[in-house]
Structure formats: C-alpha cells, structure tokens
Protein chains: 2
Amino acid sequence: MDDRAKRIRRNSPGGKADAAKVDLTAVVVAVSNNEPCVLTIGQTDTLPSGPLALEHRSLQSGLRTWVEEQTGHPLGYIEQLYTFADRDRAGAELEQRVISISYLALTRKEHATAPSKSSWQSWYDYFPWEDHRAGTPPMVSNLLRPRLIEWADGAYDDATRLERRRRAAIAFGFDDRPWNEDLTLKRYELLYEAALVEEAMRGSTLPPPVRGKSMVSDHRRILGTGISRLRSKIKYRPVVFELMPPAFTLLQLQRTVEALAGRLIHKPNFRRLIEQHELVEETGETSTETGGWPAKLYRFRHAVLEEGEVAGAKLPLSRA
Amino acid sequence: MDDRAKRIRRNSPGGKADAAKVDLTAVVVAVSNNEPCVLTIGQTDTLPSGPLALEHRSLQSGLRTWVEEQTGHPLGYIEQLYTFADRDRAGAELEQRVISISYLALTRKEHATAPSKSSWQSWYDYFPWEDHRAGTPPMVSNLLRPRLIEWADGAYDDATRLERRRRAAIAFGFDDRPWNEDLTLKRYELLYEAALVEEAMRGSTLPPPVRGKSMVSDHRRILGTGISRLRSKIKYRPVVFELMPPAFTLLQLQRTVEALAGRLIHKPNFRRLIEQHELVEETGETSTETGGWPAKLYRFRHAVLEEGEVAGAKLPLSRA
DNA sequence: CGCCTTATATTCAGGTAGAGTATAATCGGA
DNA sequence: TCCGATTATACTCTACCTGAATATAAGGCG
C-alpha cells in the first residue's frame, strides 16, 4: 500500500514538497471617537503581516516584530485567531503552499511611537452592514436582503433553495429573527458564497453589488474573523479595557463596547453589571468634558484578572 | 534601516530561511462506557499526525487523510484548535522550523472501518487530576498541592511567590476556590512550569513526581488544549451529540457530558435544560438495559442546528 | 431662571439556575 | 409474592440575573 510510501516521505523533513511559507498576519484594533478601527499599511487595504523567520523565537514574537516594524506600534494584548491555508491565496500557482497564521491585537492609537506608513481605518468601512447602532442599516433590508433571496432562488433544487434562505435569515436576522452581532464571519462567508463581495468576483468585470471596501488577498476574511472573535469575547472576558485610556467614565466605556458590538446597550443595566463584578474602581476625579453632570472617572481593577475566572462578566447587549 | 532588508527577503518566497515544515495533528475523541477516550497510534503515546502535503486540498482534508490512513477512522465533526510553533519541538536542532496545526475531532468508536494499529486511551490516563466525578482526586490535595506550594515558595522574591500561589489556587481550586473544569490547559502548563510533569524533565534522571502518562513531543499539551476546548464548548453548543449513538437515554447523555466535564451534573436540572431547548425528540422506543424503570430513547433533533444560534444551551454543571 | 444634557439611583416583572423532594415503573432476590 | 434497590419522571422553592422603565440630582448655557 502507499501507506509505506507516505511514511517514508514523512521521515524526510527536508523534502521540498512538504515545505511551506508561513505568514503572520495581525488584526490590530483600537477604538477612538466611538469608532472601532483596524491598523492597515501602505496605500492599499492591507493588514500588517510578514513571513515567519528562523530568528523569531515564537509565533507571537515574530508577529510583534513585524507589526512594530511596519507600523511603529508595539503590541500589548494579543491572541491567536485562526490558521488559514485552503484559501485561494496568492501562492496557488507557486510550488509552495502559503499558510497564514492570524492574530488579534488590542491597543490604543496613542501607543504609536513613530510616524509610519500605517493608518487606522474604521472597520465599518469594510463591513458597513455590521453597524447597527443606529438601527438596522438600510443597505441590509434594501440591498442585501433582495440579493441574497435572489441568490437562494438561483439554486438548482428546492432543498438548497430553502437551506440558503434559512442560512441568510439566521445570519442577517431576516423574518423577525434576532440580529446576532457575533456572526460577522458567517455573514461575510455567506456574501462571498453569493458572490456579493468584491473578493469573490476577482477577474470579473462586473462591479461588486455590495458597498464596503475590500482588502488585499483574504485579509477581509481575516478581519471578519477578528471582529467575530472580539464581539464574542467582550461578553465573558474583560478585554475591553485593553482599548481604554487609564481613566475613563462609565459612558465612555459603554460607548466603546457599543462601537465594537455594533449595537446599543441599556445604560442602567450596563452600569449595574460593571459595578456588580467590580471591574472598575473610582480614581477620585471627575470629568466635565461631556457637558451635563460631571462623571466620575474610573480605572480598570487589574486585580480582577487575578481573581480567577471572571465568570459571568457578560455585557448586557440590548436587543432594542 | 534593516526594514528594507527584511522587505526584500519577504519578496523572495522560495527562500529557504522562510520555509517551514507543517504538521497536522488530531485530537480524536470518543466516549464509551462513560470514559472519554482519545485515539492514539502505535505503541507509543502519539496522536495521529502527518505533514501537510501539496496534494491536500485544505488543512482539513489533509488532516482527514492522515487520520484515516493511520487509524482507519473516517472523521465527522472537526474544528481547528491551535497552531503551535514556539515549543521546543523536535525540529529545534534542524534548520527548518516545525509548525503544528492541531484539530479537535468528535466521533464514535464504532465508526472504525478496518483493523489498524491505533488504539483508544482514556484521557484521564494522561490527566489523572482532571477527573472529579468521584470528588476531588486524592492526588490533588495530597500530591499536587504540596508540590505546587513548594514550587511557589522556591521563587526568588515575595511577589513571584505570591503570584505563583495565586495561580495555583485559581487553577486547582485550592483555598476554597471553586474547581473550574475548563482550565485543563492552564493546569497542565502550570505543572509544566513547576517541572512536575515528565515532559518538563526530559534529559533528567529524576522520575517525574506526578503520576499520569506523558506523550510524544508536545502531544500531551495538544490533548490538554483539546480537552479545554471541548469542556468549554459543550456548555454553549450541542456538540455532545457527535459522540452519541443514534438513539440514547437521557441518563446516557448525561453520563457522557459528565465524562467529558469530569464532574457530576444535577439530574433534574439536566433534563429540564435538554427539554427546554428541545435538543432531542423521542424515538418512541424504550430501553430496559439499565435495570429499573425503562427509559425512553431519544434522538438528537438536527433541526436545532438550523434554528440559528443555540443560545443558552448551557449545561448545568453541578458544583456539588 | 428654565431647559437641556448627562449621571446616578431605584424599582419591577420574568426568566433561569441551583438544589431539594416526591412518585411511578421495573427487576432481582428473599 | 412481596420488598427493596434502581432508575425514570415530575414538581417545588428560592435566589439571582436580566431586560426594561422610571425617578432624581448636578452641571452648562442662553
């Protein structure tokens, strides 16, 4: 059997067929002016990235090196997102396979140390259908919905037709289903499958039917993965504070969460939750910046990270 | 600046320095006789794995190919776990870096199609401190606790000492903290750091102080990652059913969850939850196999997967 | 001074989770 | 044949969490 043949190749680690090029890609997120932003480099819409090299001690340190070199931002909090390889990445025509290991990083714009060729882009420029803070965006009902239904009805058999309609309804909250902000990646994949985003139409001359900037290679997909992960995570881990200045008001904190989640939060419930879990402590100062009653300033209680599992640090995301 | 130098290397994808060997590793899980098992190959404690090759269409299909070839088990449900590279993996002395992309697979033992050199091992053989179904195992209080305190007190400064004690207490539930079954990976990493597991002592002649089989390379760490992921996931997604036969009683379902979680569940609450979320439907038959009142047989309602997010499919893990 | 804006406090109803208790059906053995 | 062990199933009770609404206080500004 060819079992043995493969075993032999397995034992020759220098074999060219098995070698791959490994890229590290970062989704670096910051929030300012209630707008969630992602760090891009150059003129094109490209995430910071670079090949894993032998001198990198680890995947994380390799990533930090590349991002700092390309953007001037030293990274704090990072976590691995996903490893891609089956995409129609640039290396398809090469002999070598390209693997992309992606990371999510949370930081603040002020952390930049030097001028650089990088810039911050609102992530809603790439995903305009994801911002529901002012209600469901018109493009969802007016553009995406009819296009997705059209796509579903274009299936060859009834079963597929129904299944496509169901998937679209779940992902986008059609037919009185609730909008679930965590499904960013699923929505993007659906639009890709329906050929409604630019990436799915490369080589075609037709304009993509959906507004929203695309990115180089599969970077928009990676960004979507990062948004999905972050939107899920803020509900059970206090990661928002990585994006906050040292001192902040409770409303600023709420606005930041709302920016990330793309939906509004019920204020009293939000405050109750934050206080209940003792996530913050007063600095003793107040801010009058916003007009109205001066708000107390708070700082994150780093001790909560040391108090074991922050069980139930869920955020009350309003469905109103 | 050397910025330019790196950019140039970046653009020569065939460069040897950037090429890496990519391994696919699978944590294949099944439960039988109320014991969670992992699939291993050969005589040694090794997870199924093999190098990613050009003929694999995707990471997933490469993994499926390797597992089926090495064990005879075709895989159903799989999900990506984590990508490792910074370990002191076998390739440290080689010129080439070794990357390991790991996957979690859920299946049933009966799915084997052919005799093979693989075998099933209880995962508690590798992690004996993780099974709390019969209460806290004696080894936790009698062996791990004193050894971890010893390790903590061996630190050079007071701050580190306190921090180590705190981490150990959180991970293992010392000092009246609750036991959190999801922290399997953290516990293993802590024991590794404290040099209480065999992998941390390779090259040493001293016997490892903690019982529990070790595995080849960093496979026990990968298994720990899989256990952690699965224990978290069963609380909010109905993945347990991938491990169940087509028809089962509610108690069998409960015992399976308990086997995975390593702790007991309050029976009435478990049933209430399953019924509340309509995860199952009656087959109409009953089973008298267990003695006592014949239990109704149920099957998984696959429709729930199509009903959008299975919000709140949490499992009531008793803290008693 | 009155109005607007924001902060802060309180309340209320519904749901869920944890935990305990009660009753019914079947089997094995005395 | 009856009793107890074993299992299935049903019901209850309480504490807490969540969503949502309302009320009051403090400052800025025309």
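Basis of the calculations
Each chain has its residues counted from 1, running along the sequence as written. Think of it this way: whatever chain is written first is A, whatever ligand is written first is 1, and the rest follow in order. Since the coordinates come from a predicted model, pLDDT governs what is reported: local features require at least 70, and pairs of side-chain atoms require 80 or more to be given and counted, while whole-chain, interface and lining totals use all residues. Values shown for side chains rest on all heavy atoms present in the structure; no hydrogens or waters enter the calculation. The rule for a residue being near a molecule or strand is that one of its heavy atoms must lie within 4 Å of it. Think of a polar contact as two N or O atoms within 3.5 Å of one another; within protein, one of them needs to be a possible hydrogen donor and the other a possible acceptor, and neighboring residues in sequence only count if both atoms come from side chains. A run of DSSP states H or I qualifies as a helix once it reaches four residues; a run of E qualifies as a strand once it reaches two. Both are numbered from the N-terminal end. Throughout, the ten residues Ala, Val, Leu, Ile, Met, Phe, Trp, Tyr, Cys and Pro are labelled nonpolar, Asp, Glu, Lys and Arg are labelled charged, and all others, Gly among them, are labelled polar. pLDDT gives the predictor's per-residue confidence on a scale running from 0 to 100. Working rule for contacts: check all heavy atoms of both residues, and any pair within 4.5 Å makes them a contact. Note on geometry: axes are C-alpha line fits, over the in-contact stretch for helices, and angles between N-to-C directions span 0 to 180 degrees. Working definition: roughly parallel below 35 degrees, roughly antiparallel above 145 degrees, roughly perpendicular at 65 to 115 degrees, and oblique for all remaining angles. Whether a crossing is left-handed or right-handed is set by the direction in which the near helix is turned from the far one by less than a right angle, anticlockwise for left-handed and clockwise for right-handed. Exposure categories follow from relative accessible area, calculated using a 1.4 Å probe and restricted to protein chains: below 20% of the type maximum is buried, above 50% is exposed, and the middle band is partly exposed. A pair of strands is considered paired only if DSSP assigns at least 2 bridges between the two. Centre distance within 6.5 Å is the pairing criterion for rings of Phe, Tyr and Trp, where only the six-membered ring of Trp is used; planes under 30 degrees apart are then read as stacked, over 60 as edge-to-face, and the remainder as tilted. Over a ring means this: the NZ of a Lys or the CZ of an Arg is within 6 Å of the ring centre and within 35 degrees of the ring normal.

**As for the protein's contact with DNA strand D**
Taken together, 21 residues sit near DNA strand D, with A:Asn269, A:Arg272, A:Trp293, B:Leu251 and B:Arg271 positioned nearest. Expressed as a percentage, the sugar and phosphate content of the atoms of DNA strand D within 4 Å of the protein is 47%. Taking B:Lys267, its side chain carries an N or O atom lying 3.3 Å from a phosphate oxygen of DNA strand D. Looking at the surface near DNA strand D, the elements with two or more residues in it are α8 (267-276) of chain A together with α8 (267-276) and β8 (295-300) of chain B. Grouping the amino acids of the surface near DNA strand D by side-chain chemistry returns nine nonpolar, six polar and six charged.

**A closer look at the environment of A:Glu69**
The residue A:Glu69 is located in helix α2 (residues 59-71) in this model. Spatially, the C-alpha atoms of A:Glu69 and A:Pro48 are 9.3 Å apart, while their sequence positions differ by 21 residues.

**Considerations on the confidence of the model for chain A**
All names here are of chain A. In the predicted model, chain A carries a mean pLDDT of 85, and 84% of its residues have values of at least 70. Considering each helix and strand of chain A separately, the mean pLDDT is smallest for helix α1 (residues 2-10), with a value of 41, and largest for strand β4 (residues 77-84), with 97. Confidence drops under pLDDT 50 across residues 1-17; counting only partners more than four residues distant or on other chains, this segment forms 20 contacts.

**Points about the packing of helix α3 (residues 138-153) of chain B against helix α5 (residues 184-193) of chain B**
Residues and elements named next belong to chain B. Viewed as axis vectors pointing N to C, α3 and α5 meet at an angle of 55°, and their least axial separation amounts to 10 Å. Classified by the interaxial angle, the pair formed by α3 and α5 is oblique. The two elements α3 and α5 meet at a crossing, and its hand is left-handed. In this structure, α3 contributes Leu144, Leu148 and Trp151 to the contact, and α5 contributes Leu190, Leu191 and Glu193.

**A closer look at the pairing of strand β4 (residues 77-84) of chain B**
Walk down a regular strand and you will see the side chains alternate between the two sheet faces. All names here are of chain B. With respect to burial, β4 is a largely interior element, six of its eight residues being buried. Relative to strand β5 (residues 97-106), β4 runs antiparallel, the two sharing seven bridges. Considered in β5, the bridge of Thr83 is made with Ile101.

**Notes on the packing of aromatic side chains**
Applying the stated criterion to the full structure yields 16 aromatic pairs over all chains. Judged by centre distance (6.0 Å) and plane angle (85°), the ring pair of A:Trp123 and A:Tyr124 falls under edge-to-face. With a relative accessible area of 7%, A:Tyr124 lands in the buried category. Here the aromatic rings of B:Phe241 and B:Phe248 are separated by 6.0 Å at their centres, their planes lie at 40°, and the arrangement is tilted. Pair check on accessibility: B:Phe241 and B:Phe248 agree, each one buried. Chaining the aromatic ring pairs together yields one cluster made of A:Phe127, A:Trp129, A:Tyr188 and A:Tyr192. One Lys or Arg, A:Arg145, reaches over the ring of A:Phe174 and ends 5.1 Å from the middle of that ring.

**Things to note about the protein's contact with DNA strand C**
Of all residues adjacent to DNA strand C, which total 22 residues, the nearest are A:Leu251, A:Arg271, B:Arg272, B:Trp293 and B:Pro294. Of all DNA strand C atoms lying within 4 Å of any protein atom, the proportion belonging to sugar or phosphate reaches 50%. A:Arg271 places a polar side-chain atom, nitrogen or oxygen, 2.7 Å from a phosphate oxygen of DNA strand C. Taking B:Arg272, its side chain carries an N or O atom lying 2.9 Å from a base nitrogen of DNA strand C. Contributions of two or more residues to the surface near DNA strand C are made by α8 and β8 (295-300) of chain A together with α8 of chain B. The biggest single contributor to the surface near DNA strand C is α8(B), with five residues.

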